[in-house]
Amino acid sequence: AQTVTQSQPEMSVQEAETVTLSCTYDTSESDYYLFWYKQPPSRQMILVIRQEAYKQQNATENRFSVNFQKAAKSFSLKISDSQLGDAAMYFCAYRTRNTPLVFGKGTRLSVIA
Amino acid sequence: DAGVTQSPTHLIKTRGQHVTLRCSPISGHKSVSWYQQVLGQGPQFIFQYYEKEERGRGNFPDRFSARQFPNYSSELNVNALLLGDSALYLCASSLGHPGDYGYTFGSGTRLTVV
């Protein structure tokens, strides 16, 4: 079974600084997708960034970027120039073409003004 | 365009009761998935429906059931509620094509069982 592990239950970062959230996953598949979702107190799960496993280039969305290490099965999220609005729960998730999303337990990110 | 709509937003039920949660997907989306998120955990997959057919089912007891209607909206039903069913129930909609990873989540229904 596929599993997703987030080893940092909580992280904090100073406003305008950079923070990296860790995620590892276990799979025997070669074709899959990886995601980072943000869940603010409003509860809605918001897609931050996604990565297709067949792409070697790391995905980037504005201040958010990933470090995808396929051999190590690692998928970390880097948030640059952190803002107060980035404070939320962050979930790493995995899926294959025909399977549902599998989520990690999440990392609570606090941003300190 | 309206996003994924879930109702009700909050619900309190007594052990042993039955509950129905509702989800309306984004217009044009034909697939609806249900997830249970217990406090302090990541969401766990319950069901996925596509074109009114069950496409997948997670590791949940038979007390959990769901269906999808011709307009692609969906209901999640839970019978004989247990305290452990207290959770945030999230609905996600997508186009439903194999490989389509464009899931959009609703804000969820917070169910409390007392």
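Residues numbered from 1 in each chain as written. Chains lettered and ligands numbered in written order. Predicted model: local features only at pLDDT ≥ 70, side-chain atom pairs only at ≥ 80, totals over all residues. Heavy atoms only, no water.

A.B. asks: What is the right way to read the environment of Val48 of chain A from this model?
C.D. replies: Residues and elements named next belong to chain A. Note that Val48 resides in strand β6 (residues 46–52). Separated by 10 residues in sequence, Val48 and Lys38 have C-alpha atoms that sit 6.3 Å apart. In this view, Val48 contacts Trp36, Tyr37, Lys38, Glu61, Phe64 and Tyr90; residues no more than four positions away in its chain are not counted. (Helix = DSSP H or I, 4+ residues; strand = E, 2+ residues; numbered from the N terminus. Contact = heavy atoms within 4.5 Å.)

A.B. asks: Help me understand the interface of chain B and chain A in this model?
C.D. replies: The parts lose accessible area when they come together, and the size of an interface is often stated as this lost area. Counting residues at the interface gives 22 residues for chain B and 19 residues for chain A. Taken together, both faces of the contact between chain B and chain A bury some 1800 Å²; the carbon and sulfur share is 52%. The tally of links between chain B and chain A comes to zero salt bridges. Where chain B meets chain A, there are seven residue pairs in polar contact (both at pLDDT 80 or more). Only β4 (31–37), β9 (87–94) and β11 (109–113) of chain B provide two or more residues apiece to the side of chain B that touches chain A. Classifying every residue of the side of chain B that touches chain A by side-chain character gives nine nonpolar, 11 polar and two charged. (Buried area = accessible area lost by both parts, 1.4 Å probe. Salt bridge = Lys/Arg side-chain N within 4 Å of Asp/Glu carboxyl O. Polar contact = N/O pair within 3.5 Å; in protein donor to acceptor, adjacent residues only side chain to side chain. Nonpolar A, V, L, I, M, F, W, Y, C, P; charged D, E, K, R; others polar.)

A.B. asks: What is the right way to read the state of the cysteines from this model?
C.D. replies: Put plainly, a disulfide is one covalent bond tying together the sulfur atoms of two cysteines. Enumeration over the complete set of coordinates arrives at two disulfides over all chains. Disulfide pairing is shown between Cys23 of chain A and Cys92 of chain A; the S-S distance is 2.0 Å. Every disulfide takes its handedness from the sign of the S-S torsion; for Cys23 of chain A and Cys92 of chain A that torsion is -70 degrees, giving left-handed. Residue Cys23 of chain A is found in the loop between β3 (19–21) and β4 (24–26), and its partner Cys92 of chain A is found in strand β10 (residues 88–95); the two are separated by 69 residues along the sequence. In this structure, Cys23 of chain A and Cys92 of chain A share a single accessibility class: buried. The residue that forms a disulfide with Cys23 of chain B is Cys91 of chain B, at a sulfur-sulfur distance of 1.8 Å. When the S-S torsion is -65 degrees, as for the bridge of Cys23 of chain B with Cys91 of chain B, the disulfide is left-handed. With Cys23 of chain B in strand β3 (residues 19–24) and Cys91 of chain B in strand β9, this pair connects stretches of sequence that are 68 residues apart. An identical accessibility class is assigned to Cys23 of chain B and Cys91 of chain B; each is buried. (Disulfide = S-S within 2.5 Å. Buried < 20%, exposed > 50% of the residue type's maximum accessible area, 1.4 Å probe, protein only.)

A.B. asks: Would you explain the packing of aromatic side chains in this entry?
C.D. replies: Think of a pair of aromatic rings as described by two things: how far the centres are apart, and how the planes are tilted against each other in angle. In the structure shown here, the tally under the stated rule is 15 aromatic pairs over all chains. Seen from their ring centres, Phe68 of chain A and Phe75 of chain A are 6.3 Å apart, and the 80 degrees between their planes marks the pair as edge-to-face. A single burial state applies to Phe68 of chain A and to Phe75 of chain A, both of which are buried. Considering the side-chain rings of Phe47 of chain B and Tyr49 of chain B, the 6.1 Å spacing of their centres and the 50 degrees angle between planes classify their relative orientation as tilted. Judged by relative accessible area, which is 8%, Tyr49 of chain B ranks as buried. These aromatic residues form a ring-pair network of at least three members: Phe35, Tyr37, Phe91 and Phe103 of chain A together with Tyr35, Phe45 and Phe105 of chain B. Cation over ring: Arg55 of chain B sits above Tyr50 of chain B, and NZ or CZ is 4.4 Å from the ring centre. (Phe/Tyr/Trp six-rings, centres within 6.5 Å; stacked < 30°, edge-to-face > 60°. Lys NZ or Arg CZ within 6 Å of the ring centre and 35° of its normal.)

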